[in-house]
Amino acid sequence: MNFYTRKWVKPEDLNAHNTLFGGRLLSWIDEEAAIYTTIQLGTNGVVTKYISEINFVNSAKQGDIVELGIKAIGFGTTSLTLTCEVRNKISQKTILTIDKIVFVSVDKEGKPVAHGKTEIVYTDERLRED
């Protein structure tokens with residue numbers, strides 16, 4: 001899994017316990033996953049269909065740098081399934097895992113449409129996974 005995006009945990013990202021608010025983190029993940037899917041499918045006509053169990057493993061606090069890892073694990077006719085891990089950039093401790101995030105390619109009316117993709121496309125060779 002490659003970790004493309006990093007976020008710096010700032011005061012406005014904290015909950016009442018002064019740790020990273022889970023909703024903020026999920027928003028970051030949904031945005032990053034949508035961007036990843038848009039690039040993979042070559043269309044911005046994608047919507048989040050499903051997010052499996054979310055496992056919060058460790059907390060992040062103000063000043064931490066977290067990185068989001070997204071990887072395609074399956075292509076359907078209209079969908080792309082991803083997996084996600086978020087970790088602390090410095091300590092490498094896992095903060096959160098999600099086994100499955102499913103995006104669906106849709107037309108202008110919001111109806112599922114075939115995307116025609118069957119494998120990961122690397123837009124930059126530096127980002128290729130081994």
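Residues numbered from 1 in each chain as written. Predicted model: local features only at pLDDT ≥ 70, side-chain atom pairs only at ≥ 80, totals over all residues. Heavy atoms only, no water.

## As for the environment of Gly23
Logical step 1: Along the chain, the position of Gly23 falls in helix α1 (residues 22-41).
Logical step 2: For Gly23 and Gly110, which are 87 residues apart along the polypeptide, the C-alpha to C-alpha distance reads 25 Å. (Helix = DSSP H or I, 4+ residues; strand = E, 2+ residues; numbered from the N terminus.)

## Examining the nonpolar core
A general feature of soluble globular proteins is that nonpolar side chains tend to end up buried together.
Logical step 1: In terms of nonpolar packing, the biggest core is built from 24 residues, with Leu25, Ile29, Val66, Leu82, Val86 and Ile101 touching the most fellow members.
Logical step 2: Every element with two or more residues in this core is listed here: α1, β4 (65-75), β5 (79-88) and β6 (94-105).
Logical step 3: Sorting elements by how many residues they give to this core places α1 first, with six residues.
Logical step 4: In this view, Leu82 contacts Ala33, Tyr36, Thr37, Ile70, Lys71, Ala72, Ile73, Asp99, Lys100, Ile101 and Phe103; residues no more than four positions away in its chain are not counted. (Core = buried A, V, L, I, M, F, W, Y, C linked by side-chain atoms within 4.5 Å. Buried < 20%, exposed > 50% of the residue type's maximum accessible area, 1.4 Å probe, protein only. Contact = heavy atoms within 4.5 Å.)

## Considering unusual backbone geometry
Logical step 1: With a phi close to 60 degrees, Asn18 is a non-glycine residue in the positive phi region.
Logical step 2: Its place among the elements puts Asn18 in the loop between β1 (2-8) and α1.
Logical step 3: A positive phi angle, near 70 degrees, is found at Gln92, a position not held by glycine.
Logical step 4: Judged by its relative accessible area of 39%, Gln92 falls in the partly exposed class.

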